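This is what each chain is made of:
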Amino acid sequence: MSDTIDQRVSDIEALIADIPQMLSLRLEGITAAQHETTARVGFLDKQMAMLIRDMRDMRGGVTRQLVGQDGELAAIKDELAAIRGELAPIKDALAATRAELAPIKDALAETSAEFAPIKDEFAATRAEFAATKDELAATRAELAPIKSQLVTQDVLLSAIDAKLDAVLGRLPKT
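Below or above, wherever it landed, is the structure these notes cover.

Criteria and cut-off values
Residues numbered from 1 in each chain as written. Predicted model: local features only at pLDDT ≥ 70, side-chain atom pairs only at ≥ 80, totals over all residues. Heavy atoms only, no water. Helix = DSSP H or I, 4+ residues; strand = E, 2+ residues; numbered from the N terminus. Buried < 20%, exposed > 50% of the residue type's maximum accessible area, 1.4 Å probe, protein only. Areas by Shrake-Rupley, 256 points an atom, 1.4 Å probe, with all protein chains shown as cover. Lys, Arg positive; Asp, Glu negative; His and termini not counted. Charge placed at Lys NZ, Arg CZ, Asp CG, Glu CD. Salt bridge = Lys/Arg side-chain N within 4 Å of Asp/Glu carboxyl O. Patch = residues over 30% accessible without salt bridge, like charges linked within 9 Å, V, L, I, M, F, W, Y side chains within 5 Å. Expected span 1.5 Å × (residues − 1). Bend = angle between axes of the 7 residues up to and from the residue.

A separate point is the overall build of the chain. The secondary structure content of the chain amounts to two helices and zero strands. Projected onto its principal axes, the C-alpha positions of the chain cover 195 × 60 × 40 Å. Counting over 174 residues, the chain shows a buried share of 0%. Just so you have it, the chain exposes about 16100 Å², and 64% of that area is on carbon and sulfur atoms. Treating the 21 positive side-chain charges of the chain as one cloud and the 29 negative ones as another, the clouds have centres 9 Å apart.

As enumerated under the stated definition, the model contains one salt bridge in all. Put simply, E36 and R40 hold a salt bridge, and the shortest N to O gap is 3.0 Å. Remark: R40 and E36 occur in helix α2 (residues 12-170); sequence separation between them is four residues, near one turn of the helix.

A contiguous nonpolar patch, built from I12, L15, I16, I19, M22 and L23 and spanning about 560 Å² of accessible area, is present on the exposed surface. We classify L15 as partly exposed; its relative accessible area is 42%.

On to α2, then. Between its terminal C-alpha atoms α2 stretches only 187 Å, short of the 237 Å expected from 159 residues at 1.5 Å a residue. Along α2, the largest kink reaches about 40° and is centred on D18; proline P20 follows within four residues of it.

What follows is the structure, encoded as structure tokens:
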């Protein structure tokens, strides 16, 4: 190790002579790094300018869109006000109709109350009619065998009539 220190001390003159060249190399490296950083900052500056321009364009577009929507909203509000104006007479007419219908409704309620006994009487009549209908069905059921016997007797009487006519037709006429 002492060898290296001695060698360095002896080469100090060479080192001092190399200082301008080493400084020049170092300065070139720093200059290159500065140029690279300047190029990057310039590129970032251009991108920031494009971004700011795009943001301004978007703000302008949004502003135009909002202005358009404000116009549409104003038109809708005007239409709504016109519709409300048209509905006012309809509401008034509806209220007048309801007022006219109130006495009719009351009269209908009174009539319903008057017809309640008639309705009950009708229901009782309907029940009596159903009972009479059932009795009629029972009577028909009872009369069916009698009708059958009458038909049979009618057939027999017809046969007897025919025989009587035949017998009377053979008798001499006096």
